[in-house]
Amino acid sequence: MVSKNMEAPVGNSSGCWNVPEVYKHHEQRKVCISRPKYREGRKAKAVKVYTINLESRYLMVQGVPAIGVMTELIQLCALYGAVEEYRPLDEYPAEEFTEVYLVKFQKLTSARAAKRHMDEKSFYGGVLHVCYVPEYETVEDTRLKLQDRRSYIIRAARSKARENEQKEGTNKEPTASGTATTSERIITRQVNTVDSGNTSGTANISPYSSFPLLPLPPREHHYYGRKNEHMNILTEDKMGTLHTAIINTQQQPGQSSSSSQSSSGINGGTEHTLTLNQASTVRFVPRSTNLENRKRKMEEAAGHSLTDVSGKNELLIGPKLPETPKLDMEDESLNTTVSLIRNTLKQVESISDIKPVEKKKKPRRRI
Amino acid sequence: MSQKGSVEGCDRFEYLQTLVTEFQDTDSEEAKEQVLANLANFAYDPKNMEYLSQLQVPDLFLDMLTEENENFVEFGMGGLCNLSMDPECRDIILQSSGINLVTNCLSNQREETVLSAITTLMNLTTPSSRSQITDPAILQCMLRFSLAESPRLRNLAIVFLQECCTEEQVAQVEQQMQGQQTAIGIPLPKDEGTAEICLCSRYSIPGRQKYVDSSVMLHPHVIMKNFYQMLLSDSSTPNWETICLWS
């Protein structure tokens, strides 16, 4: 299994007997300790910028105790994805009683996960240092890596545009979110999505066509749920729940993959908390709460349209509700809970509304 | 729950805005470096691209390319490398005449910066920008890089030559290279004392030191000029290409 194909990177002038070069990016940089609280991540990290050039499906694992645990190491690696090749880097300068290994994963994402989970972890009494070693890539490896990255970004941009379009649709509906800040952002989004070539008629797009690419925006299901209401009020809840269920299962892999991607040290530390928070909140909100929330929204919107003047025109655009949704849960305690939740959410919302989202104009510096 | 997406988006936007504000307000170089690295890493995630372009972070990164602090240049270039993958950000960078600024980074001392610059140039290639990016000077530089000893630099330059231009273009430039040299991709020395050491060590020229008089303190640009003349005088020798190898 140990392959001889993975040769050390051989320069034009250097032969196969040369010691593999120790590059600067192999070093473990000093952890930065001077970050202010708000920029602190979950783990102490060095000040370093990750680009696709630095990433690779080739990993170097340093600090493996020299006690014949190669199989165990590769088994550990294989937890994160298929390992294509591996070999010990005997020539690489290693600390006493440790070994260095080169591991080539089939996919970059596996290497990313392996690095994230194995770096600085103890292994048979030693502490592993795992780093990318893009210098082992062939030209073809590099080409494919860049190609994959580019198409990933374009796919993400496309589904984002689609998501924004759909958001536009839902935002126009009578929800309580028609604040100045959101509508301002919608405008910029509209501008952004113009070149995507799609018409804004989101209602015609099949809801499922967009599922596999990116998790739906959380609003989505409440839009379709409402559409179903036209047909059958009794099944509305069920359908809503069903949709939520689908979305939740669809969202989880998406979320986890995004968090695994971001936590591999690619993004600034603080983003971990952001993505992870999001993931956990999406996951743990019970479905009944979603339903209550949705009901509250509709009801609130209806209430708004009677009393509130500003932003009402916008609120009335879009598919209209056939009737006011039920407010009464026909049970005293249920009603109390509903109003409690409603009030809390109102508070939460009003806080988020106050936050200024106006653009910060950066004075362009002279170059 | 139905609000979660936009609320989360708001938070993210605000957080990024806080970073940009801190970057502009702080006087501490260290804090600037940290924030810049943060922003550049955020640019890796396509979720943030929209917010970053709203906050004019592409321009912020471009501004960094002309800074004296090499970390600023490296992080800014890394950020651009990440951002330019996205078609919208790519267009913003192109509109801010980013090609020239990025091209200048090909002459940077740090390999990481040069690598980011090459990838960024590849990302910036569109039907309308192609002619500028496949300028003979840049292709010459890529040809030199494709002979470099560093495998990463070599691979990336080869990919550039394969993907961004035609074989005819490469052949044409190869011919031109017999005649004259351009400066792109040759690191600009920091000061007089280290200039020639830097050049000679980077190009691993055995026994050629005599071309540069080390006893005379020269202005970097004069040393560069001498260096090119040296290369020119060597271009008649059959294996002059080996001169261009990076050490």
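Look above for the structure.
Residues numbered from 1 in each chain as written. Chains lettered and ligands numbered in written order. Predicted model: local features only at pLDDT ≥ 70, side-chain atom pairs only at ≥ 80, totals over all residues. Heavy atoms only, no water.

Chemist: Which residues make up the overall build of chain A, and what values go with them?
Modeler: The number of helices and strands found in chain A is ten helices and six strands. Burial status across chain A gives 46% buried among its 367 residues. Once local pairs closer than 6 in sequence are excluded, the contacts in chain A between residues at least 24 apart make up 77%. For chain A, the accessible surface area stands at approximately 19,300 Å², while carbon and sulfur atoms represent 56% of it. (Helix = DSSP H or I, 4+ residues; strand = E, 2+ residues; numbered from the N terminus. Buried < 20%, exposed > 50% of the residue type's maximum accessible area, 1.4 Å probe, protein only. Contact = heavy atoms within 4.5 Å. Areas by Shrake-Rupley, 256 points an atom, 1.4 Å probe, with all protein chains shown as cover.)

Chemist: Summarise unusual backbone geometry; cite the residues concerned and give the values.
Modeler: With phi around 65 degrees, Glu120(A) is a residue other than glycine that occupies positive phi space. Inspection of the secondary structure puts Glu120(A) in the loop between helix 2 (108–118) and strand 4 (122–123). Positive phi, normally seen in glycine, also occurs at Gln56(B), with a value near 60 degrees. Overall, Gln56(B) belongs to the partly exposed group, its relative accessible area being 24%.

Chemist: Summarise the pairing of strand 3 (residues 98–105) of chain A; cite the residues concerned and give the values.
Modeler: All names here are of chain A. Burial analysis of strand 3 places six of its eight residues in the buried class, which makes it a mostly covered element. Examined bridge by bridge, strand 1 (residues 58–65) and strand 3 share six bridges and lie antiparallel to one another. Looking at strand 3, one finds that Leu59 is bridged to Val103. Bridge count for strand 2 (residues 83–88) against strand 3 is five bridges, and the pairing is antiparallel. Bridge pairing in strand 3 places Glu85 opposite Lys104. (Pairing = 2+ DSSP bridges.)

Chemist: So what about the environment of Cys141(B)? Which residues, and what values?
Modeler: All names here are of chain B. Tracing the chain through its elements places Cys141 in helix 10 (residues 136–145). Spatially, the C-alpha atoms of Cys141 and Met177 are 10.0 Å apart, while their sequence positions differ by 36 residues. The contacts of Cys141, once residues within four sequence positions are left out, are Leu106, Ile184 and Gly185.

Chemist: Quick rundown of the pattern of salt bridges? Include the residues and the values.
Modeler: In the structure shown here, the tally under the stated rule is 14 salt bridges over all chains. Arg57(A) serves as the salt-bridge partner of Glu84(A), at 3.5 Å between the closest nitrogen and oxygen. Taken together, the positions of Glu84(A) in strand 2 and Arg57(A) in the segment before strand 1 put the pair 27 residues apart, joining distant regions of the chain. Take Glu84(A): its relative accessible area is 31%, and that puts it in the partly exposed class. Taking the relative accessible area as the measure of exposure, Arg57(A) reaches 19% and is therefore buried. Arg110(B) is the salt-bridge partner of Glu74(B), the closest N and O atoms lying 2.6 Å from each other. On the criterion of sequence distance, the pair formed by Glu74(B) in helix 5 (residues 70–83) and Arg110(B) in the loop between helix 7 (98–104) and helix 8 (111–124) is long-range, its members being 36 residues apart. On the basis of relative accessible area, Glu74(B) is assigned to the buried category, the value being 12%. Its relative accessible area of 25% is what places Arg110(B) among the partly exposed residues. (Salt bridge = Lys/Arg side-chain N within 4 Å of Asp/Glu carboxyl O.)

Chemist: I'd like a description of helix 4 (residues 57–64) of chain B, backed by residues and values.
Modeler: Counting buried residues along helix 4 of chain B, eight of its eight residues qualify, which places the element largely inside the surrounding structure. Listed in full, the buried residues belonging to helix 4 of chain B are Val57(B), Pro58(B), Asp59(B), Leu60(B), Phe61(B), Leu62(B), Asp63(B) and Met64(B).

Chemist: Summarise the packing of helix 10 of chain B against helix 11 (residues 151–164) of chain B; cite the residues concerned and give the values.
Modeler: Residue and element names in this part refer to chain B. Where helix 10 meets helix 11, the closest approach of the two axes is 8 Å, and the angle between their N-to-C directions is 140 degrees. Taken together, the axes of helix 10 and helix 11 are oblique relative to one another. Of the two possible hands of crossing, helix 10 and helix 11 adopt the one that is left-handed. Where helix 10 abuts helix 11, its residues Ile138, Leu139, Met142, Leu143 and Phe145 lie against Leu153, Arg154, Ala157, Phe160 and Leu161. Its residues placed into classes, the contact of helix 10 with helix 11 shows nine nonpolar, no polar and one charged. (Axes fitted to C-alpha atoms, helices over the stretch in contact; angles between N-to-C directions. Parallel < 35°, antiparallel > 145°, perpendicular 65-115°, else oblique. Left-handed = near helix turned anticlockwise from the far one by under 90°. Nonpolar A, V, L, I, M, F, W, Y, C, P; charged D, E, K, R; others polar.)

Chemist: Residue-level account of the packing of helix 2 (residues 29–42) of chain B against helix 4 of chain B, with values.
Modeler: Residues and elements named next belong to chain B. At a minimum axis distance of 11 Å, the contact between helix 2 and helix 4 shows a crossing angle of 125 degrees. For the element pair helix 2 / helix 4, the angle class is oblique. Judged by the twist between their axes, the crossing of helix 2 over helix 4 is left-handed. Contacts from Leu36, Leu39 and Ala40 in helix 2 reach Leu60, Phe61 and Met64 in helix 4.

Chemist: Residue-level account of the sheet that holds strand 3 of chain A, with values.
Modeler: Residue and element names in this part refer to chain A. Taken in spatial order, the four strands of this open sheet run 2-3-1-6, and their pairing is antiparallel. Looking at strand neighbours, the two that pair on one side only are strand 2 and strand 6 (129–132), the edges of this open sheet. Each neighbouring strand pair of the sheet contributes to a mean axis angle of 20 degrees, computed without reference to strand direction. Where strand 1 and strand 6 come together, four bridges link them in antiparallel fashion. When the bridges of strand 6 are listed, Leu59 appears paired with Tyr132. The strands that helix 1 (residues 70–78) touches are strand 1, strand 2 and strand 3; relative to strand 2, the one it contacts most, it runs at about 150 degrees. Strand contacts of helix 2: strand 1, strand 3 and strand 6, with the helix running at about 150 degrees to strand 6, the strand carrying the most contacts.

Chemist: Before we move on, can you summarise helix 3 (residues 46–54) of chain B with the specific residues and values?
Modeler: Residues and elements named next belong to chain B. Buried residues dominate helix 3, accounting for eight of its nine residues. Three or more residues of helix 3 are buried, namely Pro46, Asn48, Met49, Glu50, Tyr51, Leu52, Ser53 and Gln54. The positive-phi residue at the C-terminal boundary of helix 3 is Gln56, with phi of around 60 degrees.

Chemist: Residues and numbers for the nonpolar core, please.
Modeler: Of all hydrophobic cores here, the largest spans 72 residues; its most connected members are Phe61(B), Leu106(B), Ile118(B), Leu121(B), Met142(B), Phe145(B) and Phe160(B). If we skip the residues at most four places from it in the chain, Phe61(B) touches Leu36(B), Leu39(B), Ala40(B), Ala43(B), Gly76(B), Gly79(B), Leu80(B) and Leu83(B). Core analysis: the second largest hydrophobic core is formed by 21 residues, Tyr50(A), Leu54(A), Val61(A) and Phe123(A) among them. (Core = buried A, V, L, I, M, F, W, Y, C linked by side-chain atoms within 4.5 Å.)

Chemist: Can you break down the side chain of Arg342(A) residue by residue, with the values?
Modeler: All names here are of chain A. Counting through the fold element by element, Arg342 comes out in helix 10 (residues 332–354). You can call Arg342 buried: its relative accessible area is 17%. With residues near it in sequence (within four places) discarded, Arg342 still touches Arg296 and Glu299.

Chemist: I'd like a description of the packing of aromatic side chains, backed by residues and values.
Modeler: Under the defined criterion, the tally for this structure stands at four aromatic pairs over all chains. Plain terms: the ring middles of Tyr50(A) and Tyr132(A) are 6.2 Å apart, the flat faces sit at 75 degrees to each other, and that makes the pair edge-to-face. A residue pair is termed long-range when its members are at least 10 positions apart, and Tyr50(A) in the segment before strand 1 and Tyr132(A) in strand 6 qualify at 82 residues. Since its relative accessible area comes to 8%, Tyr50(A) is described here as buried. With a centroid separation of 5.9 Å and an interplanar angle of 70 degrees, the aromatic rings of Tyr15(B) and Phe42(B) are classed as edge-to-face. Taken together, the residues Tyr15(B) in helix 1 (residues 4–25) and Phe42(B) in helix 2 connect sequence positions 27 residues apart. The pair Tyr15(B) / Phe42(B) is uniform in exposure class, with both members buried. The ring of Tyr44(B) is capped by Arg149(A), whose NZ or CZ atom sits 3.6 Å from the centre of that ring. Its guanidinium or amino end placed over the ring of Phe23(B), Lys32(B) lies 4.8 Å from that ring's centre, counting from NZ or CZ. (Phe/Tyr/Trp six-rings, centres within 6.5 Å; stacked < 30°, edge-to-face > 60°. Lys NZ or Arg CZ within 6 Å of the ring centre and 35° of its normal.)

That's the geometry; what it means functionally is another story.
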